[in-house]
Amino acid sequence: MSVDTEKTLLGKALHELNPAEKKVLRHAREQRTLSTDAGQDFLAGSTRGQRLADAIARVGGSWNFIIGFLVFLVAWVVFNTAVLTTGSLDPYPFIFLNLILSMLAAIQAPIIMMSQNRQAERDRFMAAKDYEINLKAEIEVLGLHRKIDLHVLKELQATRQEIAELKASIDTLSQASDKH
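Not measured: the values here are computed from a predicted model.

Conventions used here
Residues numbered from 1 in each chain as written. Predicted model: local features only at pLDDT ≥ 70, side-chain atom pairs only at ≥ 80, totals over all residues. Heavy atoms only, no water. Phe/Tyr/Trp six-rings, centres within 6.5 Å; stacked < 30°, edge-to-face > 60°. Helix = DSSP H or I, 4+ residues; strand = E, 2+ residues; numbered from the N terminus. Salt bridge = Lys/Arg side-chain N within 4 Å of Asp/Glu carboxyl O. Buried < 20%, exposed > 50% of the residue type's maximum accessible area, 1.4 Å probe, protein only. Core = buried A, V, L, I, M, F, W, Y, C linked by side-chain atoms within 4.5 Å. Axes fitted to C-alpha atoms, helices over the stretch in contact; angles between N-to-C directions. Parallel < 35°, antiparallel > 145°, perpendicular 65-115°, else oblique. Left-handed = near helix turned anticlockwise from the far one by under 90°. Contact = heavy atoms within 4.5 Å.

Draft legend 1. Looking closely at the packing of aromatic side chains. For the coordinates displayed, the defined rule picks out four aromatic pairs. Taking the centre distance of 5.6 Å and the plane angle of 15° together, the rings of Phe-65 and Phe-69 count as stacked. In this pair, Phe-65 and Phe-69 both sit in helix α5 (residues 63–83), four residues apart, roughly one turn of the helix. Relative to Trp-76, the ring of Phe-72 has its centre 5.8 Å away and its plane inclined at 50°; by these criteria the two rings are tilted.

So, in structure tokens, the structure goes:
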């Protein structure tokens, strides 16, 4: 690809291209693939805390957690009312259980918000990857169009030359037959 390729393909001069466009052009010039596993690429840059927040949000937002927690709540209530009628750990109205639930909500809510923020980052990362891949595909298609156009023009020029030669041959034969 020549220096004018950027202007022809992307409508911008080289100094006007953003880093993603430069990266795509470099990969196109070197005829290297651009697509990778974007999910793995995104996770490669995450910290241990970010991965932990994702795991907690994944567990906390699952049916297994909801069903397990409902079983825990029912067991707590049954244990503290029916089993321990005297001297129960947490008698009705279950103030200790309310404290546990409040602390769980206070801890789980920010963790889920962190995970949602990471999901938004992941979506932006994936969109940037999609843009790069689509741009490279567009550049490749435009390059193929250019090659096909040049090939067609070459063939058209060769055909015109052959027609001119045939016409010259016909004219020569026509002049020779007129003399006889």
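Draft legend 2. A look at the pattern of salt bridges. A full pass over the atoms with the stated rule returns two salt bridges. A salt bridge links Arg-118 to Asp-54, with the shortest nitrogen-to-oxygen separation between them at 3.1 Å. Of this pair, Arg-118 sits in helix α6 (residues 95–179) while Asp-54 sits in helix α4 (residues 48–60), placing them 64 residues apart in sequence. Here the two residues Arg-118 and Asp-54 agree in accessibility, since each one is buried. We note a salt bridge from Lys-136 to Glu-140, for which the minimum N-O separation is 3.9 Å. Separated by four residues within a single helix, Lys-136 and Glu-140 lie in helix α6, roughly one turn from each other. For Lys-136, a relative accessible area of 13% gives the class buried.

Draft legend 3. Structural view of the nonpolar core. Ranked by size, the top nonpolar core spans six residues in total: Leu-17, Val-24, Leu-25, Ala-28, Leu-135 and Ile-139. If you list the elements that add at least two residues to this core, you get α2 (19–29) and α6. Per-element tally for this core: the top contributor is α2, with three residues.

Draft legend 4. Region of the structure containing the packing of α5 against α6. Running from N to C, α5 and α6 point in directions that differ by 160°, and their axes come no closer than 11 Å. Of the possible angle classes, the one that applies to α5 and α6 is roughly antiparallel. The hand of the α5/α6 crossing is right-handed. Residues Phe-65, Phe-69, Phe-72, Leu-73 and Trp-76 of α5 lie in contact with α6, whose contacting residues are Phe-96, Leu-97, Ile-100, Leu-101, Leu-104 and Gln-108.

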